[in-house]
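Inside the fold
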Amino acid sequence: MSFNTPLDLRYAESHEWVRVEGDEVVVGITDYAQDALGDIVYVELPAVGATFNAGDVFGVIESVKASSDLYAPVSGEVTAVNTDLEDDQAPINSDPYGAGWILRMKSSGEESALLDAAAYEKHVAEQQH
Amino acid sequence: MDTYEPPIFELSSPGKYGANVPDLDVPRAELPDDLLRQDDLAGFPELSEPEVIRHYTRISQRNFSIDTGMYPLGSCTMKYNPKLNEEAARMPGFAQAHPLQAEELSQGALRLMYELQADLATISGFDAVSLQPAAGAQGEFTGILAFHAYHLDRGDTDRVEVLVPDAAHGTNPATAAMVGLKVIEVASDERGNVDLADLKRKLSPRTVGLMLTNPNTLGLFEEHIVEVARLVHEAGGLVYGDGANFNAILGIVQPGAMGFDFMHYNLHKTFTTPHGGGGPGSGAVGCTAELAPFLPGPLVNRTADGDYAFITPEKSIGRMKAFHGNFGMLVRAWTYIRSMGAAGLRKVSETAVLNANYIRTQLDDIYPPAVDRICMHETVLKGQIAGATGIRTLDIAKRLIDYGFHPPTVYFPLIVPEALMIEPTETESKQMIDAFIQAMRSIAREAVEQPELLLAAPTKAPVRRLDEVRAARQPVLRYDADKFAKLRDSE
Amino acid sequence: MSHYISITDADRAEMLDAIGVDSITALFTDVPEHLRFPQLDIPAPLSEPELMRELHRLHNTNASAQTHSLFLGAGAYNHFVPAAVDQILRRSEYYTAYTPYQPEISQGTLQAIFEYQSLICRLTGMEVANASHYDGGTAIAEAAIMALNVVRNRRKIVVARGVNPQYRAVLRTYLQGLDVEIVGDERPGASINDALAQVDADTCALIVQSPDFLGRLHDLRGLAEQVHAAGALLIVHFDPIALALFQPPAEADADIAVAEGQPLGLGLNFGGPYLGIFTTRQKYVHKIAGRLVGVTKDLDGKIAYTLTLRAREQDIRRERATSNICTNQGLMALASTVYLSLLGRQGLRKVAEVGYHRAHYAAAQIGQIPGYVVHADQPFFREFVVQCPRPAAAINAALRERGIIGGYDLAADEPQLGHAMLLCVTEMNSKSEIDELTAALRALV
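Predicted model, so just to flag it, every value in this text is computed and none were measured.

Rules used in this analysis
Residues numbered from 1 in each chain as written. Chains lettered and ligands numbered in written order. Predicted model: local features only at pLDDT ≥ 70, side-chain atom pairs only at ≥ 80, totals over all residues. Heavy atoms only, no water. Helix = DSSP H or I, 4+ residues; strand = E, 2+ residues; numbered from the N terminus. Rg over C-alpha atoms; globule rule 2.2 N^0.38 Å. Contact = heavy atoms within 4.5 Å. Areas by Shrake-Rupley, 256 points an atom, 1.4 Å probe, with all protein chains shown as cover. Lys, Arg positive; Asp, Glu negative; His and termini not counted. Charge placed at Lys NZ, Arg CZ, Asp CG, Glu CD. Domains from an automatic or database assignment. Buried area = accessible area lost by both parts, 1.4 Å probe. Salt bridge = Lys/Arg side-chain N within 4 Å of Asp/Glu carboxyl O. Polar contact = N/O pair within 3.5 Å; in protein donor to acceptor, adjacent residues only side chain to side chain. Nonpolar A, V, L, I, M, F, W, Y, C, P; charged D, E, K, R; others polar. Axes fitted to C-alpha atoms, helices over the stretch in contact; angles between N-to-C directions. Parallel < 35°, antiparallel > 145°, perpendicular 65-115°, else oblique. Left-handed = near helix turned anticlockwise from the far one by under 90°. Buried < 20%, exposed > 50% of the residue type's maximum accessible area, 1.4 Å probe, protein only. Core = buried A, V, L, I, M, F, W, Y, C linked by side-chain atoms within 4.5 Å. Pairing = 2+ DSSP bridges.

A few words now on the overall build of chain A. A count of helices and strands for chain A gives four helices and nine strands. Of the regular secondary structure in chain A, the N- to C-terminal order runs β-β-β-α-β-β-β-β-β-α-α-β-α. Computed over the C-alpha atoms, the radius of gyration of chain A is 13 Å, within 12% of the 14 Å expected from 2.2 N^0.38 for a compact globule of 129 residues. In terms of overall dimensions, chain A has a C-alpha envelope of 35 × 30 × 20 Å along the principal axes. Intrachain contacts of chain A at a sequence separation of at least 6 include 63% that bridge at least 24 residues. For chain A, the exposed area adds up to about 5,900 Å²; of that, 48% sits on carbon and sulfur atoms. Counting 6 positive and 24 negative side-chain charges, chain A places the centres of these two groups 4 Å from one another.

Here the focus is the domain arrangement of chain C. All names here are of chain C. Assigned domains of chain C: these are domain 1 (69-81 + 344-443) and domain 2 (84-339). Listed as interface residues are 30 residues of domain 1 and, on the opposing side, 30 residues of domain 2. Here domain 1 and domain 2 share an interface that buries about 2,400 Å² over both sides, 66% of which is from carbon and sulfur atoms. By the criterion of area lost to domain 2, the three top residues of domain 1 are Val-81, Leu-348 and Phe-381, representing 23% of everything that side buries. Where domain 1 touches domain 2, the interface holds two salt bridges. The salt bridge partner of Arg-161 is Glu-414, with a shortest N-O separation of 2.9 Å. At the surface where domain 1 touches domain 2, the tally comes to eight residue pairs in polar contact (both at pLDDT 80 or more).

Another point: the interface of chain C and chain B. In many analyses, interface size is given as the accessible surface area lost on bringing the parts together. At the junction of the two partners, chain C supplies 185 residues and chain B supplies 204 residues. In total, about 17,500 Å² of surface goes out of reach between chain C and chain B, with carbon and sulfur atoms giving 63% of it. Among the residues of chain C in contact with chain B, Tyr-4, Phe-270 and Arg-345 of chain C are the three that bury the most area, contributing 6% of the side total. There are 15 salt bridges connecting chain C and chain B. For Glu-353 of chain C, the salt bridge is made with Arg-28 of chain B, and the minimal N-O distance between the two is 3.9 Å. Put simply, chain C and chain B have 96 residue pairs in polar contact (both at pLDDT 80 or more) between them. Ranked by residue count, the leading element in the side of chain C that touches chain B is helix H11 (residues 330-367) of chain C, at 24 residues. Across the side of chain C that touches chain B, the residue classes tally to 95 nonpolar, 54 polar and 36 charged.

Now for the packing of helix H1 (residues 49-60) of chain B against H11 of chain C. For the pair H1 of chain B and H11 of chain C, the least separation of the axes is 9 Å and the interaxial angle reads 150 degrees. With respect to each other, H1 of chain B and H11 of chain C are oriented roughly antiparallel. In terms of crossing hand, the pair formed by H1 of chain B and H11 of chain C is right-handed. Contact residues: H1 of chain B offers Glu-49, Val-52 and Tyr-56 of chain B, while H11 of chain C offers Thr-337, Val-338, Ser-341 and Leu-342 of chain C. A per-class count over the contact of H1 of chain B with H11 of chain C returns four nonpolar, two polar and one charged.

What follows concerns the interface of chain A and chain C. At the interface, eleven residues of chain A touch nine residues of chain C. Contact between chain A and chain C buries roughly 760 Å² in total, counting both sides, with carbon and sulfur atoms accounting for 46%. When the area that chain A buries against chain C is broken down by residue, the three leading residues are Tyr-42, Glu-62 and Ser-67 of chain A, summing to 49%. Linking chain A with chain C are one salt bridge. Lys-287 of chain C is paired through a salt bridge with Glu-44 of chain A; the nearest N and O atoms lie 2.7 Å apart. Summed over the shared surface of chain A and chain C, the result is one residue pair in polar contact (both at pLDDT 80 or more). Contributions of two or more residues to the side of chain A that touches chain C are made by strand S4 (40-44), strand S6 (57-63) and strand S7 (67-71) of chain A. The residue makeup of the side of chain A that touches chain C, split by class, is four nonpolar, three polar and four charged.

Residues and elements named next belong to chain B. Assignment of secondary structure puts Ala-457 in the loop between helix H13 (451-456) and helix H14 (468-473). With 62 residues separating them along the chain, Ala-457 and Asp-395 place their C-alpha atoms 7.0 Å apart. In this structure Ala-457 touches Lys-398, Arg-399, Asp-402 and Arg-465, once residues within four positions along its chain are discounted.

It is worth spelling out the side chain of Ser-106 of chain B at this point. One can find Ser-106 of chain B in the loop between helix H3 (92-95) and helix H4 (107-124). Only 2.9 Å separates the side chain of Ser-106 of chain B from the backbone oxygen of Ala-102 of chain B, close enough to count as a polar contact. Look past the residues within four positions of Ser-106 of chain B in its chain and what remains in contact with it is Gln-101 of chain B together with Asn-62 and Phe-270 of chain C.

Looking now at unusual backbone geometry. Across the junction of Ala-457 of chain B and Pro-458 of chain B, the peptide omega takes the value 0 degrees, indicating a cis bond. With respect to the element layout, Pro-458 of chain B can be found in the loop between H13 and H14. The phi angle at Phe-37 of chain C is positive, at roughly 55 degrees, despite the residue not being glycine. Inspection of the secondary structure assignment puts Phe-37 of chain C in the loop between helix H1 (9-19) and helix H2 (48-60). For Phe-37 of chain C, a relative accessible area of 18% gives the class buried.

Attention now moves to the nonpolar core. If you look at the biggest cluster of nonpolar residues, it comprises 108 residues, and the most contacted ones within it are Leu-120, Tyr-265, Phe-271 and Tyr-367 of chain B. Element by element, the count of residues in this core is highest for helix H10 (residues 327-363) of chain B, at 15 residues. Once residues within four sequence positions are removed from consideration, Leu-120 of chain B is found in contact with Val-129, Leu-131, Tyr-265, Leu-267, Phe-271, Ala-284 and Ile-337 of chain B. If you look at the next biggest cluster of nonpolar residues, it comprises 99 residues, including Ala-128 of chain B together with Leu-171, Phe-213 and Leu-268 of chain C.

A few words now on the packing of H10 of chain B against H2 of chain C. Viewed as axis vectors pointing N to C, H10 of chain B and H2 of chain C meet at an angle of 145 degrees, and their least axial separation amounts to 11 Å. Classified by chirality, the crossing of H2 of chain C by H10 of chain B is right-handed. Where H10 of chain B abuts H2 of chain C, its residues Trp-334, Thr-335, Arg-338 and Ser-339 of chain B lie against Leu-51, Glu-54, Leu-55 and Leu-58 of chain C. In terms of residue class, the contact of H10 of chain B with H2 of chain C is made up of four nonpolar, two polar and two charged.

A few words now on the pairing of strand S6 (residues 233-238) of chain C. Residue and element names in this part refer to chain C. Burial analysis of S6 places six of its six residues in the buried class, which makes it a mostly covered element. Every second residue of S6 is oriented toward a common face, with Leu-233, Ile-235 and His-237 on one face and Leu-234, Val-236 and Phe-238 on the other, all of them buried. Where strand S5 (residues 203-209) and S6 come together, five bridges link them in parallel fashion. Paired with Ile-207 across the two strands is Ile-235, which belongs to S6. The pairing of S6 with strand S7 (residues 256-260) spans four bridges and is parallel. Of the residues in S7, the one forming a bridge with Phe-238 is Ala-259.

Have a look at this one:
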């Protein structure tokens, strides 16, 4: 099975993606992650203003049959959350890198330490076997 | 016949009632106006007794149950629930006794509890039993709290890790977390046993204990059980036994003798108390003399003059629930043990194991076994049928419904892909088991030749497959006339 | 053989042959030989008639609400259980089914639980009710754990003294492994306000009970505001029968409302199985422990019920789950559902009213006996404190001689009340029974 892994993003081993936009980063879960979870039915979002260290749990994502913690891919303060997801979680499945974004954080510059698309695909391939 | 029955709220009409309550025969007292309810219970159902009975009888017919068919749900021991037990539990001296009435007015109930404690201790090879826990999960919680208290009592304060095999029931890790302890997963080896090398690596002075189901969740007897227990004890840890699979070993082997320190009994599995559509269960616990002082109270003791009395152990972890356990379930379990005797109980396990192995050997040519070994009371197969594409275990399970069987447990244990966990129990006949085997073989053929039959299944149940995503995304968790109307009209 | 086993000797021989082993023993070779087939010293089996006789002997040595006038409550109440309730419980389609994991063939159980959740929401005014917990005490403990997960990083639970002492004990058992402090109930006679005074910036919940353990009704309006101001949650333990007459927990703006559901058609059963009612607000639905049933449609567009929001539960979340609860009290929830449907709007109110007035009648009568002091200065429901001229244990022993089971002895729980007992009167205690109790107490002065 092949998954969409855009080249311009950075990835965490825990399957979150990061897009740098100015001095902020946008965070969501990858196409591989949404497919593995199945239809998402709930996302627990943090409060705007909350701060996390890279690797901290910032929320929970649930499908009908699975539940997974969400991990902050970088350190920093949450500047916005996608509140549309409170009522409709479908975009996480249908458009994980677009309308399915989860939150924005102030950039800490750590994103360069994350995986690039090729390394993430390799990581996924190792997990799948 | 369409068996749909509307929610009771839609059957209500003002002015009716369905119970004959005593009339007021004393003067009215003053009511505190400022504390009164304002809505006069608006929206509560108003039906006559015959209407209520018909409603709940009609919806009961939309259930599958042990009394209507074979229910080979692995790990759940869906055996026949004796009718005598039901009569016993309803006897007024049991059903209408108050839990706090004086002990001298409760000697029958206390004697029954005392004897059940003794019988369960004997069957499992333990020194003490508490009947307090309300369910298996609460029994586990009791055990891990007792382990924690035991270590602390010895001044052993660094033990914070609970070892749990990767094949364990979800309640095991959840229980350890409830006690504030860390869960360390232990791998299984290729024969389905605890991987001894991995166990040795993970045992340490931080080990509280190991939680183990034996037979394990693959339906296999732990071949190195004595060694496993020895290793855990050597590391200063304790061994907890999840009694979910106890139906395999009554009169065959005692957990206490195998090296377990503590276990729970699922009285609703092994000892025939009914599952009730998801409870009440009853999770009595047994343990060694070393752990007995930590048991939850109250227990029943016999005094020097032959009376029965409640006592609380000296270092008790406390009470797990109000009063003395799910007493009604205790009456049923006691009645069952008295019906069976020691030889009867051994026959139960022998037959349960016979039935499971029979199913295994009649199906393992088309449904690959998780581990190819003699199993205990249940067998774990994989829903991987050669030549069938796009068919999953879920589809096989749903197709079984059309054949008139309750599906086995599916997708558990988690370490087995496409798992089908089949537990026939000792109460099924060979004829019924053969019919089940035939159904499974037919389904395997259909999976190759007519997969659409599996994918569309079930078609003979009261409803077809459900839109579970919708249920979760727009949860409707209580009756609301508008939401029901909207749902009815929706696509 | 046993009449519960359906395999004959001939079947067994055939099956062993098919398996490819020569004996049953060969199926147990994995069991260490020196441990195999222990002799179990348990009593010899009895036939059904013999066992019935034995059961009759046992149950007849117990007192019960049939043999005695019962004025004992303290968390277990003698209420009317219509015969129709048990007739439904005896339907084996319900009682011999398992958890409704296969919704297509479990619509009976699922619809009954959905109706249970709906009825409990109507009764309490709360937005969400789960499929139930083990009992009132464990429901309180689970509510506290939920509060710890909603209000993160706070480690204190304040519990009022008026909460049933057994429930407070269960709360302490449940939380002993977590680093949590439980305060508020240390001093005998402490009030809800005394507990409230201990709610601070480290508190995650205040737990109160109304009617409280001593039967007193509390006006809880305004309490939530103060608890919320401290950033904590308000947990209320209510009584489901009292709600037919008195303000529901939603009116007190409770965050979590729980109850012992035993009064709703379950009978006394010497303490169990009972029913833990658990309700909360919609916004906390993903934090709730235990099962939830929701409604949806099937492939043909038919209305159908299913377990939902399952990702909260232990079998999916494992060590990340906040509770290990697996079973609910399914059959007990069914009993209360049938009970509430039978009683309905009028019947439930009548049960509450008759009980209220009879309890007040009893309190008034006993209050006139010299030597007895009845605590009735505050509104109460079903139970009230009586200070007696002699120790409650002695009074109860004397009442027993007259076929009366007296009140709960408060000597251990509330020693400051002196020779006090907690008397309980429901719709099951007729005026003549109450008059007999009064006469008996008068004779004991």
